[in-house]
Number of protein chains: 2
Amino acid sequence: MNTHKIPDIIIGRLPVYLRALQQLSENGILTTSSQELGEIIGISAAQIRKDISQFGEFGKQGTGYSVPFLIERLRDILKVNRVWEVVIVGMGDIGHALARYNGFTNRGFHISMVFDNDLQKVGQTAGEYEILDTAVMAEKIKQNKIKIAMLTVPAAFAQEMTDQLVKAGVKAILNYAPTSLNVPSHVHVQYIDPATHLQRMTYYLD
Amino acid sequence: MNTHKIPDIIIGRLPVYLRALQQLSENGILTTSSQELGEIIGISAAQIRKDISQFGEFGKQGTGYSVPFLIERLRDILKVNRVWEVVIVGMGDIGHALARYNGFTNRGFHISMVFDNDLQKVGQTAGEYEILDTAVMAEKIKQNKIKIAMLTVPAAFAQEMTDQLVKAGVKAILNYAPTSLNVPSHVHVQYIDPATHLQRMTYYLD
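This is a predicted model, so every value here is computed, not measured.

## A look at the pattern of salt bridges
Here is step 1 of the chain: Under the counting rule described, the total for this entry stands at 14 salt bridges over all chains.
Here is step 2 of the chain: The residue A:D193 makes a salt bridge to B:R107 at a minimum N-O spacing of 3.0 Å. Residue A:D193 is located in the loop between β9 (188-191) and α8 (194-202), and its partner B:R107 is located in the loop between α5 (93-100) and β4 (109-116); the two belong to separate chains. The same class applies to A:D193 as to B:R107, namely buried.

What follows is the structure, encoded as structure tokens:
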């Protein structure tokens with residue numbers, strides 16, 4: 001069970017497996033197979049078996065996987081068997097949407113605080129949150145030992161905000177700004193950029 | 001130049017290269033190197049050279065890449081040297097944010113129409129768009145030969161809307177609903193799910 005040796009490309013698929021398993025669980029399904037999971041997710045059964053076998057022995061030939069057990073194990077591996085506090089930086093449309101998004105529940109995350117540098121917005125509310133001034137962001141993040149941020153500022157401010165977040169101790173950034181971020185090697189970045197995702201598909205269209 | 005042979009994993013990186021090159025171009029930079037691009041994007045120079053060499057000969061040893069030429073070639077390969085019309089299905093917070101998002105300009109996409117099934121929302125506006133009833137969605141998509149949709153409905157409605165989109169001729173879906181979609185093999189799906197992206201990073205945190 002040397003989970004630290006799992007290749008990054010497999011780690012990237014585990015949250016997708018977990019999401020599918022949680023959906024099965026919500027529908028009262030207790031046992032599944034790599035075939036069934038593959039059909040839900042659109043990945044081959046062989047790939048799923050290979051990925052899952054990376055982190056131990058699950059299920060037996062012919063009996064399938066225990067859904068609750070596999071969920072528990074994946075939550076454990078992905079470290080979402082706890083609740084991570086997350087901040088949102090930038091309260092434009094996307095920031096507001098994320099502050100009101102209910103899809104984090106039961107998936108390991110809780111929005112802790114939201115920030116903007118626009119003094120017109122500071123003090124107003126977004127969902128259940130009071131918008132705080134980015135001037136106090138670093139201090140608040142340090143005080144609360146927050147490790148994760150979602151960055152939804154315009155591209156022109158993204159690097160400056162990133163530098164502040166990293167200095168305050170943030171280790172993982174989900175970047176909605178359509179720009180690449182420069183971070184030290186111990187900081188992880190994932191990108192959500194609709195145009196980039198769309199361009200990945202147009203290659204295959206006529 | 002058998003671009004149809006490029007592996008999907010490389011195709012996934014090309015939009016990221018294109019975005020970085022367009023940023024360089026906006027800053028008036030006309031020549032770049034795999035080293036410079038690598039530093040911006042956080043991918044090794046060797047990987048970038050290898051990826052770019054897949055679709056032809058670019059740049060010469062020591063002289064680097066022509067930014068405008070590489071942009072043109074990437075836009076050509078990714079088929080974003082045209083403007084694709086896109087519909088948004090589901091006008092909740094994310095749908096509204098996308099309708100008002102200005103990040104599609106110059107990247108190959110234009111929001112054409114937006115839909116919701118809530119008659120309280122139909123007829124209202126989102127950004128510059130009038131919200132249309134999903135009851136007329138299939139007809140409008142067929143009439144306008146639209147191939148791309150962004151799906152921002154609750155998970156429970158995602159498959160039903162997907163089936164309608166596919167039947168109407170949509171070939172690419174950017175899915176914001178936190179659920180896997182079942183589609184025929186000729187339809188492409190990309191997923192944007194913040195919790196999944198965050199879980200991919202927590203694996204690496206302490």
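## Description of the environment of B:Q164
All names here are of chain B.
Here is step 1 of the chain: Structurally, the position occupied by Q164 is in helix α7 (residues 155-167).
Here is step 2 of the chain: We classify Q164 as partly exposed; its relative accessible area is 30%.
Here is step 3 of the chain: Excluding anything up to four places from it in sequence, Q164 contacts T134 and M137.

## Thoughts on the relation of the copies chain B and chain A
Here is step 1 of the chain: Placing chain B over chain A gives an RMSD of 0.0 Å and needs a rotation angle of 180 degrees, together with 0.0 Å of translation along the axis. Both copies are brought into coincidence by an operation consistent with a two-fold rotation axis.
Here is step 2 of the chain: Here 100% of the contact residues of chain B are again contact residues in chain A; the copies associate through an equivalent surface.

## Structural notes on empty space enclosed by the protein
Here is step 1 of the chain: Under the counting rule described, the total for this entry stands at one cavity of 30 Å³ or more.
Here is step 2 of the chain: The space that makes up the largest cavity amounts to roughly 60 Å³.
Here is step 3 of the chain: Lining the largest cavity we find A:I94, A:Y176, A:I192, A:P194, B:I94, B:L98, B:Y101 and B:Y176.
Here is step 4 of the chain: Among the residues forming the lining of the largest cavity, the class breakdown is eight nonpolar, no polar and no charged.

## Concerning the interface of chain B and chain A
Here is step 1 of the chain: At the interface, 64 residues of chain B touch 64 residues of chain A.
Here is step 2 of the chain: Summed over both sides, the interface of chain B with chain A buries roughly 6,100 Å², with 60% coming from carbon and sulfur.
Here is step 3 of the chain: Looking only at chain B, the three residues that lose the most surface to chain A are B:Q199, B:R200 and B:Y203, adding up to 13% of its buried area.
Here is step 4 of the chain: Counting across the chain B and chain A interface gives eight salt bridges.
Here is step 5 of the chain: The partner of A:D93 in a salt bridge is B:R100, and the shortest N-O contact between them spans 2.5 Å.
Here is step 6 of the chain: At the boundary of chain B with chain A, the tally comes to 26 residue pairs in polar contact (both at pLDDT 80 or more).

## Points about the nonpolar core
Here is step 1 of the chain: Residues A:L14, A:F104, A:M150, B:L14, B:F104 and B:M150 are the most contacted members of the largest nonpolar core, which totals 96 residues.
Here is step 2 of the chain: The residues touching A:M150, leaving out its near neighbours within four places in the chain, are A:V86, A:V87, A:I88, A:V89, A:L98, A:F104, A:I111, A:L174 and B:L198.

## Some thoughts on helix α7 (residues 155-167) of chain A
Residues and elements named next belong to chain A.
Here is step 1 of the chain: Given a rise of 1.5 Å per residue, 13 residues ought to cover 18 Å, and the 19 Å separating the end C-alpha atoms of α7 matches this to within 8%.
Here is step 2 of the chain: Restricting attention to buried positions, one finds in α7 the residues A158, M161, T162, L165 and V166.
Here is step 3 of the chain: Packed against the buried residues of α7 are β3 (84-89), α6 (137-143), β7 (148-151) and β8 (172-175).
Here is step 4 of the chain: Where α7 terminates, the next one or two residues include G169, which has phi positive at roughly 110 degrees.

The rules behind each value
Residues numbered from 1 in each chain as written. Chains lettered and ligands numbered in written order. Predicted model: local features only at pLDDT ≥ 70, side-chain atom pairs only at ≥ 80, totals over all residues. Heavy atoms only, no water. Salt bridge = Lys/Arg side-chain N within 4 Å of Asp/Glu carboxyl O. Helix = DSSP H or I, 4+ residues; strand = E, 2+ residues; numbered from the N terminus. Buried < 20%, exposed > 50% of the residue type's maximum accessible area, 1.4 Å probe, protein only. Contact = heavy atoms within 4.5 Å. Least-squares fit on C-alpha atoms with pLDDT ≥ 70 in both. 1 Å grid on protein atoms, 1.4 Å probe; cavity = no way out; pocket = protein on both sides within 12 Å on 5 of 7 lines; lining within 4 Å. Points joined across faces, edges and corners; volume = space filled by probe spheres on them. Nonpolar A, V, L, I, M, F, W, Y, C, P; charged D, E, K, R; others polar. Buried area = accessible area lost by both parts, 1.4 Å probe. Polar contact = N/O pair within 3.5 Å; in protein donor to acceptor, adjacent residues only side chain to side chain. Core = buried A, V, L, I, M, F, W, Y, C linked by side-chain atoms within 4.5 Å. Expected span 1.5 Å × (residues − 1).

Function cannot be read off these values alone, since they describe shape.
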